[in-house]
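Coordinates in review
Listed below, chain by chain, are the residues.
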Amino acid sequence: MEREIRIGDKIISENSPAFIVAEMSGNHNMDFDRAVEILRAAKEAGADAVKIQTYTADTITLDCDDPCFRITQGTLWDGITLHKLYEKAYTPWEWQPRLKKLAEDMGLLLFSSPFDFSSVDFLEEMQVPAYKVASFEITDIPLIRKIARLGKPVILATGIARLADIELALQTCREEGNEQVILLKCCSAYPTPYEDVNLRTIPNMRETFNCLTGLSDHTMGSAVAVGAVALGARMVEKHMTLRRSDGGVDAAFSMEPQEFKEMVDNIRIVEKALGRATYDLSEKQVREREHSRSLFIAKDMKAGEVFTPENLRSVRPADGLHTKYYEQLLGRKITRDAKLGTPMTWELAGD
């Protein structure tokens, strides 16, 4: 059975165009007007939706300086505490209903990643069309259960997930009667080295979990995203900023608008090129086939002369006999005079 998930006015299925999401994250740099400008840029670049994040430093972590709260995993943010990072990166909640309305006025969908029960309640009041569960929250089963109960599409990023984590998160959604799940292949490294991406996991996830799949991509450039679509990704999420040089917590691995547009354009090209599995020829290919090879008289010949490699050749175009008869014809005699360039026929070959 083909799965079909609707987010707002967009349908996501195995046969639909990839659903393209621009992740704003903290790239607004705490400037509302900049956030609005990112919305406009995302729309112009061809995104279907913009995703934000709904948390405060206090709803996502504790204000604590103990070593386990300090970032030391070899990231862009090493040395500071989680609380300090999230104080810089969060999107003010009072902005979010306004951003959603502005996005919808532009023809964009807007949804979010909640990080605790209060943010889910807040987003439900906003009537968001879907929920994203961030990679590090895939182990938060109470949060996933609360989201799944709402009956809206659930997008699960799998960046830090082991197989058992994905199974449990999916099982939780299904226990709540929610089958509208999209699994995103993700690598929670910022930026992600290409050799760590393992795109072949995308079709494997689709087969293993019977879900629509996609990519949450933190690599540089668009090659990985385009490759993911070729492998069946039905959703692609990439971070977007206006200018990397403006700085910000996610700027270093975010796309600028023109880069995002080039990615979308290339994805749409690949989708057209993927087509279907077929050996039929298009009308253009049928015409081009007229220039394939066949057997021709390669020298002027008199009746009774013997066919040899010098006077019978496989050449373009395709007007003569098929080349598979070449060896069968060598040594036979031509039945009448024929000039160079005459297409070979059985009538010329005699008995």
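The text that follows walks through the structure, step by step, so that each part is easy to find. (Residues numbered from 1 in each chain as written. Predicted model: local features only at pLDDT ≥ 70, side-chain atom pairs only at ≥ 80, totals over all residues. Heavy atoms only, no water.)

Moving on: helix α3 (residues 82-89). The periodicity of an α-helix, 3.6 residues per turn, causes residues three or four positions apart to be oriented the same way. The complete set of buried residues in α3 reads H83, L85 and A89. One face of α3 carries all of its buried residues, which in axial projection span an arc of 160 degrees. (Buried < 20%, exposed > 50% of the residue type's maximum accessible area, 1.4 Å probe, protein only. Helix = DSSP H or I, 4+ residues; strand = E, 2+ residues; numbered from the N terminus. Arc of directions from axis to C-beta.)

We now examine the packing of aromatic side chains. On inspection of all chains with the given rule, the structure shows five aromatic pairs. Between Y55 and F115 the ring centres are 5.1 Å apart and the planes differ by 80 degrees, which places this aromatic pair in the edge-to-face class. Linking Y55 in the loop between β4 (49-54) and α2 (57-60) with F115 in the loop between β5 (109-114) and α5 (117-126), this pair joins segments that are 60 residues apart in sequence. A relative accessible area of 10% means that F115 is categorised as buried. One aromatic cluster is present, formed by Y55, Y86 and F115 through successive ring pairs. In this arrangement the basic side chain of R98 is found over the ring face of F32, its NZ or CZ atom lying 4.0 Å from the centre. (Phe/Tyr/Trp six-rings, centres within 6.5 Å; stacked < 30°, edge-to-face > 60°. Lys NZ or Arg CZ within 6 Å of the ring centre and 35° of its normal.)

Tallying each qualifying case throughout the model produces zero disulfides. With no disulfide of its own, C173 lies closest to C211 among cysteine sulfurs, the gap being 8.6 Å. We note that C186 lacks a disulfide partner, and the nearest cysteine sulfur, in C187, lies 7.0 Å from it. (Disulfide = S-S within 2.5 Å.)

Before going further, it helps to examine empty space enclosed by the protein. Counted according to the given criterion, the structure contains one cavity of 30 Å³ or more. Counted as a void, the largest cavity has a volume near 40 Å³. Of all the secondary-structure elements, those providing two or more residues to the lining of the largest cavity are β8 (181-186) and β9 (212-217). Counting residues per element, the lining of the largest cavity draws most heavily on β9, at three residues. Looking at side-chain class alone, the lining of the largest cavity contains four nonpolar, four polar and two charged residues. (1 Å grid on protein atoms, 1.4 Å probe; cavity = no way out; pocket = protein on both sides within 12 Å on 5 of 7 lines; lining within 4 Å. Points joined across faces, edges and corners; volume = space filled by probe spheres on them. Nonpolar A, V, L, I, M, F, W, Y, C, P; charged D, E, K, R; others polar.)

Attention shifts here to the nonpolar core. I7, F19, L183, M235, F260 and M263 are the most contacted members of the largest nonpolar core, which totals 78 residues. Take this core: its biggest share by element is eight residues, from helix α1 (residues 32-45). Those residues in contact with M263, other than ones at most four positions away along the chain, are I20, S222, A225, V226, V236, K238 and M255. L321, L329, L348 and A349 belong to the second largest nonpolar core, which has 12 residues in total. (Core = buried A, V, L, I, M, F, W, Y, C linked by side-chain atoms within 4.5 Å. Contact = heavy atoms within 4.5 Å.)

In this section: the environment of I155. Within the element layout of this structure, I155 appears in strand β7 (residues 154-157). Using a relative accessible area of 1% as the deciding quantity, one classes I155 as buried. A C-alpha to C-alpha distance of 14 Å links I155 and R3, two positions 152 residues apart in sequence. Leave out the neighbours within four places in its chain, and I155 touches I7, F111, A130, Y131, K132, V133, I182, L184 and M235.

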